[in-house]
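The primary structure of each chain is shown beneath.
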Amino acid sequence: MSAPQEDLDPQAAPSAETQTEGQQQAAAGQPGEDLAALLDEAQKQVADYHDQLLRAHAEVENVRRRAQEDVSKARKFGTESFAESLIPVRDSLEAALAQENQTAEDWKAGVEATLRQLNTAFERNQMREIAPAPGEAFDPHRHQAISNVPSEHPQGAVAQTLQKGYLIADRVLRPALVMVSAGPAA
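Residues numbered from 1 in each chain as written. Predicted model: local features only at pLDDT ≥ 70, side-chain atom pairs only at ≥ 80, totals over all residues. Heavy atoms only, no water.

Caption draft 1: Seen up close, the nonpolar core. Judged by nonpolar contacts, Ile130, Val158, Leu167, Ala176, Val178 and Val180 together constitute the single largest core of six residues. Of the residues forming this core, the biggest block, three residues, is contributed by strand β6 (residues 176–181). Beyond its immediate stretch of four places on either side in the chain, Val178 contacts Pro132, Phe138, His143, Gln144, Ala145, Ile146, Ser147, Val158, Gln160, Thr161 and Leu162. (Core = buried A, V, L, I, M, F, W, Y, C linked by side-chain atoms within 4.5 Å. Buried < 20%, exposed > 50% of the residue type's maximum accessible area, 1.4 Å probe, protein only. Helix = DSSP H or I, 4+ residues; strand = E, 2+ residues; numbered from the N terminus. Contact = heavy atoms within 4.5 Å.)

Structural data, given as structure tokens:
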């Protein structure tokens, strides 16, 4: 018996068992070249992501630096608006001192006008007085108690304000100095 024709044909493709690995890759459409292309594409993506990461890091550093500069400028120039509001007050005081032969009424009128300028400057910069009236509740966040005294006011109420306090916005700049009622004398 003779061997089947297909086994003897030298032009016929070898069977899968007899093919070498290179021949299998070549028969499968060059997967070696596909892998190289995939690797190339992956390397390009990695390089792109790395570039994006570096740019994002640089942007974060720029934002951080700008924020630090803004904080530094705010500390340095934060009082600029308040100082600008006080310049007219100083000008008025200097003008009052430069005037000669003024009467007491002129001085009083000048001081009152200067006080109005100062109050305007305080209002413009959100600075308010803390001046509790006798009988108001003592607030330890806004008042500083100097002593307890017997008074007609209920215990724990403000009996007398010795010195006004001040707020800037809602922050206490200086608490009001007060005497607190210990209640009616026995």
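Caption draft 2: How the structure looks around the packing of helix α4 (residues 80–98) against helix α5 (residues 104–124). For the pair α4 and α5, interaxial distance at closest approach is 8 Å and the crossing angle is 175 degrees. By the angle class used here, α4 and α5 are roughly antiparallel. On the side of α4, the interface is formed by Phe82, Ser85, Leu86, Pro88, Val89, Ser92, Leu93, Ala96 and Leu97, while α5 contributes Trp107, Thr114, Gln117, Leu118, Ala121, Phe122 and Arg124. Considering only residue class, the contact of α4 with α5 consists of eleven nonpolar, four polar and one charged. (Axes fitted to C-alpha atoms, helices over the stretch in contact; angles between N-to-C directions. Parallel < 35°, antiparallel > 145°, perpendicular 65-115°, else oblique. Nonpolar A, V, L, I, M, F, W, Y, C, P; charged D, E, K, R; others polar.)

Caption draft 3: Spatial organisation of α5. Taking 1.5 Å of rise per residue, the 21 residues of α5 would be expected to cover 30 Å, and the 30 Å separating its terminal C-alpha atoms lies within 8% of that figure. Among the residues of α5, Thr114, Ala121 and Phe122 are the ones counted as buried. Buried residues of α5, seen end-on, are gathered within an arc of 100 degrees and therefore sit on one face of the element. Those residues of α5 that are exposed and angled more than 90 degrees off the buried face are Glu105, Lys108, Arg116, Glu123 and Arg124. Next to the buried residues of α5 lie α4, β1 (127–130) and β4 (165–168). Backbone geometry just downstream of α5 places Gln126 in the positive-phi region, at approximately 60 degrees. (Expected span 1.5 Å × (residues − 1). Arc of directions from axis to C-beta.)

Caption draft 4: Expanded view of the sheet that holds β1. Across the sheet, three strands lie side by side as β1-β4-β5; this open sheet has antiparallel pairing. Edge positions in the sheet fall to β1 and β5 (171–174), since each of these pairs with one other strand and no more. Looking at each pair of strands side by side, their axes are set apart by 35 degrees on average, direction ignored. Relative to β5, β4 is paired through three bridges, and the arrangement is antiparallel. Along β5, the bridge assignment pairs Leu167 with Val172. (Pairing = 2+ DSSP bridges.)

Caption draft 5: Region of the structure containing the packing of aromatic side chains. The tally for this structure, following the rule as stated, stands at two aromatic pairs. For the pair Phe82 and Phe122, a centre-to-centre distance of 6.1 Å together with 20 degrees between the ring planes defines the contact as stacked. With a gap of 40 residues between them, Phe82 in helix α4 and Phe122 in helix α5 connect regions that are remote in the sequence. Owing to a relative accessible area of 15%, Phe122 belongs among the buried residues under this scheme. Seen in terms of ring centroids, Phe122 and Tyr166 are 5.9 Å apart; in terms of plane orientation they differ by 75 degrees. Their pairing is edge-to-face. Of this pair, Phe122 sits in helix α5 while Tyr166 sits in strand β4, placing them 44 residues apart in sequence. Aromatic ring contacts, followed pair by pair, group Phe82, Phe122 and Tyr166 into a single cluster. (Phe/Tyr/Trp six-rings, centres within 6.5 Å; stacked < 30°, edge-to-face > 60°.)

Caption draft 6: Geometry of the sheet that holds strand β2 (residues 143–149). Strand order across the open sheet formed by three strands is β2-β6-β3, with mixed pairing between neighbours. Strands with a single pairing partner mark the edges of an open sheet, and in this sheet they are β2 and β3 (158–163). Averaged over neighbouring strand pairs, the angle between their axes works out to 30 degrees when direction is ignored. Relative to β6, β2 runs parallel, the two being bridged by six bridges. Bridging from a neighbouring strand, Ser147 pairs with Met179 of β6.

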